[in-house]
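Inside the fold
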Amino acid sequence: MRTDKKVIRLRKQQPLLTGSEIARKLNISRQHVSRILQHAGLNNKQPHYRKRVTTCLFCGKITFRQQKFCPNSDCREQYYYIDVTCSFCHYNFKILKSTVKKGYGRGSRYIYCSSTCYSKGKKQGT
Ligand SMILES: [Zn+2]
Ligand SMILES: [Zn+2]
């Protein structure tokens, strides 16, 4: 009887908990939990909406429809691009992170804003 009450109270306080999570918390079997919940007319399964919640990869805010980034924001840009400075002319610009990684992979420690700066930089040995 006491366990029954605990299960029902947990389910009502934390509706996002699954049956197995409740079972783990109370140290009882999953079957036991589902029997209690069924008996009380409560849903044993976790609500569907939990799966739909996705958070922005950049800022961590909740987005809808499983979007990776906040709509109407520059989170996507901020996530994929970084601010860099041209090694030759010191011009500040944004570059794709993957491009930088590729450059590092090839052993290049310098970033250039253009092919002109690239060839000038190479000649100077910077
Ligand atoms: Zn965001
Ligand atoms: Zn440059």
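Criteria and thresholds
- Residues numbered from 1 in each chain as written.
- Chains lettered and ligands numbered in written order.
- Predicted model: local features only at pLDDT ≥ 70, side-chain atom pairs only at ≥ 80, totals over all residues.
- Helix = DSSP H or I, 4+ residues; strand = E, 2+ residues; numbered from the N terminus.
- Buried ≥ 20, exposed ≤ 12 C-beta atoms within 10 Å, placed from the backbone.
- Contact = placed C-beta atoms within 7 Å.
- Axes fitted to C-alpha atoms, helices over the stretch in contact; angles between N-to-C directions.
- Parallel < 35°, antiparallel > 145°, perpendicular 65-115°, else oblique.
- Nonpolar A, V, L, I, M, F, W, Y, C, P; charged D, E, K, R; others polar.
- Left-handed = near helix turned anticlockwise from the far one by under 90°.

Remarks on the overall build of the protein chain
A count of helices and strands for the protein chain gives seven helices and four strands. Helices (α) and strands (β) of the protein chain occur, in sequence order from the N terminus, as α-α-α-α-β-β-α-β-β-α-α. Among the 126 residues that make up the protein chain, the fraction classed as buried is 9%. Put simply, 30% of the contacts in the protein chain that link residues at least 6 apart link residues at least 24 apart.

Focus on the packing of helix α1 (residues 2-13) against helix α3 (residues 30-39)
It is at 10 Å that the axes of α1 and α3 come closest, and there the two elements cross at 75°. The pairing of α1 with α3 is recorded here as roughly perpendicular in orientation. Residues D4, V7, I8 and R11 of α1 pack against V33, I36 and L37 of α3. Residue composition of the contact of α1 with α3, grouped by class: five nonpolar, no polar and two charged.

Some remarks on the packing of helix α2 (residues 19-26) against α3
Where α2 contacts α3, the axes come no closer than 8 Å and their chain directions differ by 115°. The angle between α2 and α3 falls in the class roughly perpendicular. The chirality of how α2 crosses α3 is right-handed. For the pair α2 and α3, contact is made by G19, S20, I22 and A23 and by R30, H32, V33, S34 and L37, respectively. Residues belonging to the contact of α2 with α3 are distributed by class as follows: four nonpolar, four polar and one charged.

Read these as spatial facts, not as claims about activity.
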